[in-house]
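Close look at the chain arrangement
Below, each chain spelled out in residue letters.
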Amino acid sequence: MESYMEPIRQYIEAHREDMIRFWEKLVNMQGSSREKEKVNRVMDFLKESFEAEGLACRLEDSQGNANVLIAVDGPDRPGRPVILSGHADTVFPEGSYPEDPFRIEDGKAYGPGVIDMKGGITIMLYAVKALHYLGYGERPVKIILVGDEEIGHTGSISSRILMEEAKGGLCAFNMEIGRPDNCLTTGRKGGVDCHVTVHGVGGHVGNDFLKGRNAIAEMAYKIPLLQNLTRYEEGVVVSVDVIHGGTVSNAVPDLCEAELDIRYNRVSDMDPICQKVREVCSRTFIEGTRTEVEFLSPMPAFEETEANHRLLDYVNGVLTKNGFPPFGSIFVGGNSDASFLAAAGVPTVCSFGVVGTGAHTKEECAVVDSLFERTKMVTAAIMEINDYEANWRK
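One structure accompanies this document, and this report is about it. (Residues numbered from 1 in each chain as written. Predicted model: local features only at pLDDT ≥ 70, side-chain atom pairs only at ≥ 80, totals over all residues. Heavy atoms only, no water.)

Thoughts on the overall build of the protein chain
Per the secondary structure count, the protein chain includes eleven helices and 18 strands. Over its C-alpha atoms the protein chain spans a radius of gyration of 24 Å, differing by no more than 12% from the 21 Å that the globule rule assigns to 394 residues. For the protein chain, the spread of C-alpha atoms along the principal axes amounts to about 85 × 50 × 35 Å. Each of the 394 residues in the protein chain was classed as buried or not, and the buried ones make up 54%. By sequence separation, contacts in the protein chain at least 24 residues apart represent 81% of the contacts at least 6 residues apart. Here the protein chain has roughly 16300 Å² of accessible surface; of this, 48% comes from carbon and sulfur atoms. With 40 positive and 59 negative side-chain charges, the protein chain shows a separation of 3 Å between the mean positions of the two kinds. (Helix = DSSP H or I, 4+ residues; strand = E, 2+ residues; numbered from the N terminus. Rg over C-alpha atoms; globule rule 2.2 N^0.38 Å. Buried < 20%, exposed > 50% of the residue type's maximum accessible area, 1.4 Å probe, protein only. Contact = heavy atoms within 4.5 Å. Areas by Shrake-Rupley, 256 points an atom, 1.4 Å probe, with all protein chains shown as cover. Lys, Arg positive; Asp, Glu negative; His and termini not counted. Charge placed at Lys NZ, Arg CZ, Asp CG, Glu CD.)

Shown next, in the form of structure tokens:
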């Protein structure tokens, strides 16, 4: 099977400039997760790009945020599809950068979403192009792109669509940011945002102090109890990270709000830790106050499983015999949509995108050569994917 590698290299090397131009166009189409029309403009462009390559494409309404793009190469081929997944939104609203911000300096590309994750989308398209060049037709390749990953799909059904579309997949490569340590991610913490609101009773400190019910003081009783729910050695973290309360120094505050970040290593940890947060917040320390709790953007844990490691072992077997260094394995605290792929029962590895640093900052940059190397790797892994099903996915 190694005979495919030289044609892959030849194809990618011959299309380096085309890949960079496509990447540049994507990055220059600015738009953050909440800018629905702008992200849909990107989705329309991607649909046209994949359709031009012969993929069967459709846009699904997320019922709140940008559309979800489903693009399938070879929908009539037998067998379970290989899933390539990612997101087309960024954290930067249009105007955060000047017009046409993409640039390359000293072998690095810069711009909003250049690694997170428009480089990964470029890899998807050109891996499919390379497969066509090689005449690949073994099984379907299914691409799933959402437009609101950066906000955890709050206010949409994108995560539900992602899971439904992933079901039945043979395996999945999530094309998130490639790590500089040459590891693929085989597990991630799950996470949920929690908003706690304490309602008190306002009053003038000088004239009505006894009438007032201090919302900040009530919250102060709760904060250490919430923090103490952390069981770090078990992978559960509850962190109180933002506090808002009060207006002026001579008024008893009638409102205090806190934002919590809750993380966990296992899917089964999510409901119990959320219930413990509710129990803490249900306790009243200052009579006359009341507390509300809201959980937002729940993300299941991307559990580190034997199936994920078998997929990684398969990828490394393909890479090493074709002259690439093998990937290491890592479990990380940050979330990604790999969680939903795994929740759909699909063996998954994440962080297969371009290598870079500075995600979610104005210093975001990518190693340009990694765009070409990762495209070669993904293409090679798909070329032998029947071997994975026969010998590794057991």
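Now that the structure is up, let's keep going.
Description of the side chain of E35
Tracing the sequence through the fold places E35 in the loop between α2 (16–28) and α3 (36–52). No salt bridge is formed by the buried E35, whose closest oppositely charged neighbour, K38, lies at an N-O distance of 4.1 Å. In this structure the side chain of E35 is engaged in a polar contact, spanning 2.8 Å, whose partner is the backbone nitrogen of S32. Setting aside residues no more than four positions away along its own chain, E35 makes contact with F92, P93 and E94. (Salt bridge = Lys/Arg side-chain N within 4 Å of Asp/Glu carboxyl O. Polar contact = N/O pair within 3.5 Å; in protein donor to acceptor, adjacent residues only side chain to side chain.)

Considerations on the pattern of salt bridges
Summed over all chains, the structure comprises 24 salt bridges. Across the pair R179 and D181 runs a salt bridge whose closest N-O atoms are separated by 2.8 Å. With relative accessibility at 38%, the residue D181 sits in the partly exposed group. R266 is the partner of D269 in a salt bridge, and the nearest nitrogen-oxygen pair spans 3.1 Å. Overall, R266 belongs to the partly exposed group, its relative accessible area being 33%. In this structure, a network of salt bridges that share partners links the residues E13, R16, D369, E373 and K376.

Structural notes on the environment of S370
Summarising the element assignment, S370 is placed in helix α10 (residues 368–383). Residue class for S370 comes out buried when judged on its relative accessible area of 8%. Those residues in contact with S370, other than ones at most four positions away along the chain, are V354 and V355. A polar side-chain atom of S370 sits 3.0 Å from the main-chain amide nitrogen of V355.

Topic: the packing of aromatic side chains
This structure, assessed with the given rule, holds nine aromatic pairs. Judged by centre distance (5.1 Å) and plane angle (10 degrees), the ring pair of Y221 and F285 falls under stacked. On the criterion of sequence distance, the pair formed by Y221 in helix α6 (residues 215–227) and F285 in the loop between α7 (270–282) and β14 (290–299) is long-range, its members being 64 residues apart. Take Y221: its relative accessible area is 44%, and that puts it in the partly exposed class. The structure contains a cluster of three or more aromatic residues connected by ring pairs, namely F22, F45 and Y126. The lysine or arginine in question, R103, covers the ring of Y110, its NZ or CZ lying 4.3 Å from the ring centre. The aromatic ring of Y97 is capped on one face by K362, whose charged end is 5.2 Å from the ring centroid. (Phe/Tyr/Trp six-rings, centres within 6.5 Å; stacked < 30°, edge-to-face > 60°. Lys NZ or Arg CZ within 6 Å of the ring centre and 35° of its normal.)

Some remarks on the sheet that holds strand β17 (residues 356–357)
Here four strands make up an open sheet; going across it, the order is β4-β5-β18-β17 and the pairing antiparallel. At either margin of the open sheet sits one strand with a lone partner, and together these are β4 (103–105) and β17. Looking at chain direction, β17 and strand β18 (residues 365–367) are connected through two bridges and run antiparallel. Of the residues in β18, the one forming a bridge with T357 is C365. With respect to the sheet, α10 is in contact with β4, β5 (108–110) and β18, its orientation differing from that of β18 by roughly 55 degrees. (Pairing = 2+ DSSP bridges. Axes fitted to C-alpha atoms, helices over the stretch in contact; angles between N-to-C directions.)

Things to note about a nonpolar patch on the surface
A cluster of nonpolar side chains, namely V205, F209 and L210, defines an oily patch on the protein surface of about 330 Å² accessible area. Positionally, L210 belongs in the loop between β10 (203–204) and α6. L210 sits in the exposed class, given a relative accessible area of 74%. (Patch = residues over 30% accessible without salt bridge, like charges linked within 9 Å, V, L, I, M, F, W, Y side chains within 5 Å.)

Examining a negative patch on the surface
Taken together, D193, D241, E257 and E259 make up a surface patch of like negative charges. With respect to the secondary-structure elements, E257 resides in strand β13 (residues 255–264). Its relative accessible area of 35% is what places E257 among the partly exposed residues.

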